[in-house]
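These are the residues of each chain, in order.
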Amino acid sequence: MQLNRCPVCHSRIGLEQLVQDDAGRELLALLAAHDADTATALVGYLGLFRSGSRDLAMDRALRLVKEALALAEPDWLTPALQDTVESIRAKRQNTDAKALTNHNYLKRVLESVISSGTQRVRYQRPAAADYQTTAASMQRLTDTSW
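**Some details on the confidence of the model for the chain**
Consideration 1: The predicted model of the chain averages 81 in pLDDT, with 71% of residues at 70 or higher.
Consideration 2: Per-element confidence in the chain ranges from a low mean pLDDT of 56 for strand E1 (residues 2-5) to a high of 95 for helix H4 (residues 58-71).

**Observations concerning the packing of helix H2 (residues 22-32) against H4**
Consideration 1: Where H2 meets H4, the axes come as close as 8 Å, and the angle between the chain directions of the two elements is 35°. Where H2 crosses over H4, the two elements pack in a sense that is left-handed. Counted together, Ala23, Gly24, Glu26, Leu27 and Leu30 of H2 and Met58, Asp59, Ala61, Leu62, Val65, Lys66 and Leu69 of H4 form the full contact between these two elements.
Consideration 2: Grouping the amino acids of the contact of H2 with H4 by side-chain chemistry returns eight nonpolar, one polar and three charged.

**What to know about the packing of aromatic side chains**
Consideration 1: Here the structure, examined in full by the defined rule, presents one aromatic pair.
Consideration 2: Relative to Phe49, the ring of Tyr45 lies with its centre 5.1 Å away and its plane at 80°, an arrangement referred to as edge-to-face. Summarising the burial analysis for this pair, Tyr45 and Phe49 share the class buried.

**Focus on the side chain of Thr84**
Consideration 1: Locating Thr84 in the fold gives a position in helix H5 (residues 74-94).
Consideration 2: The residues touching Thr84, leaving out its near neighbours within four places in the chain, are Tyr45, Leu48, Tyr105, Leu106 and Val109.

**Structural notes on the nonpolar core**
Consideration 1: Core analysis: the biggest nonpolar cluster contains 28 residues, and Leu42, Tyr45, Leu81 and Leu106 have the highest contact counts within it.
Consideration 2: Listed by contribution, the elements that provide at least two residues to this core are H2, helix H3 (36-47), H4, H5 and helix H6 (104-116).
Consideration 3: It is H4 that provides the largest number of residues to this core, a total of six residues.
Consideration 4: For Leu42, the residues in contact, after removing those within four places along its chain, are Leu31, Val65, Ala68, Leu69 and Leu81.

**As for the packing of H3 against H4**
Consideration 1: Between H3 and H4, the least distance of the axes is 10 Å, while the angle of their chain directions is 125°. In terms of orientation, H3 lies oblique with respect to H4. As for how H3 packs across H4, the hand of that crossing is right-handed. Side by side, H3 and H4 meet where Leu42, Tyr45 and Leu46 of the first sit next to Ala61, Leu64, Val65, Ala68 and Leu69 of the second.
Consideration 2: In the contact of H3 with H4, the residues fall into eight nonpolar, no polar and no charged.

**Details of the environment of His34**
Consideration 1: Looking at where His34 falls in the secondary structure, it is placed in the loop between H2 and H3.
Consideration 2: In this structure, the C-alpha to C-alpha distance between His34 and Pro74, residues 40 residues apart in sequence, is 8.6 Å.
Consideration 3: Non-local contacts of His34, meaning those with residues more than four positions away in its chain, are made with Ala39, Leu69 and Pro74.
Consideration 4: At a separation of 2.9 Å, a polar atom in the side chain of His34 contacts the main-chain carbonyl oxygen of Leu30.

What counts, and where the lines are drawn
- Residues numbered from 1 in each chain as written.
- Predicted model: local features only at pLDDT ≥ 70, side-chain atom pairs only at ≥ 80, totals over all residues.
- Heavy atoms only, no water.
- pLDDT = per-residue confidence, 0-100.
- Helix = DSSP H or I, 4+ residues; strand = E, 2+ residues; numbered from the N terminus.
- Axes fitted to C-alpha atoms, helices over the stretch in contact; angles between N-to-C directions.
- Left-handed = near helix turned anticlockwise from the far one by under 90°.
- Contact = heavy atoms within 4.5 Å.
- Nonpolar A, V, L, I, M, F, W, Y, C, P; charged D, E, K, R; others polar.
- Phe/Tyr/Trp six-rings, centres within 6.5 Å; stacked < 30°, edge-to-face > 60°.
- Buried < 20%, exposed > 50% of the residue type's maximum accessible area, 1.4 Å probe, protein only.
- Core = buried A, V, L, I, M, F, W, Y, C linked by side-chain atoms within 4.5 Å.
- Parallel < 35°, antiparallel > 145°, perpendicular 65-115°, else oblique.
- Polar contact = N/O pair within 3.5 Å; in protein donor to acceptor, adjacent residues only side chain to side chain.

Right, here's the structure in full:
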């Protein structure tokens with residue numbers, strides 16, 4: 001089953017290719033088990049471990065995600081991941097920062113998030129029955145904060 005083209009390199013990739021690797025399959029399952037905010041934050045965080053010249057191996061990515069998830073509950077971890085990614089990306093724009101090698105920066109941000117009580121607020125989706133008409137669906141798109 002062919003998926004759409006990669007938004008970065010524009011190559012085609014099949015779903016079968018993604019799940020042939022054991023670590024890749026487990027990583028996809030682990031990310032799919034979490035809500036969109038947490039999964040997106042984890043993927044962004046993984047990108048901080050990738051050097052400019054090499055891709056991140058699936059087994060290392062899986063290990064990193066498992067280690068990050070073991071640090072705290074998603075309600076605390078998600079804002080810490082988001083803050084970490086935002087901060088490191090901002091630093092990389094101003095300097096030539098190296099790829100992360102451990103979770104120490106995330107741990108410090110997590111301590112800060114927990115001490116300040118900045119727990120994630122979960123988005124509550126309206127019931128599907130609320131959007132059964134085309135007009136209601138269009139209103140939902142308009143109401144969505146992109």
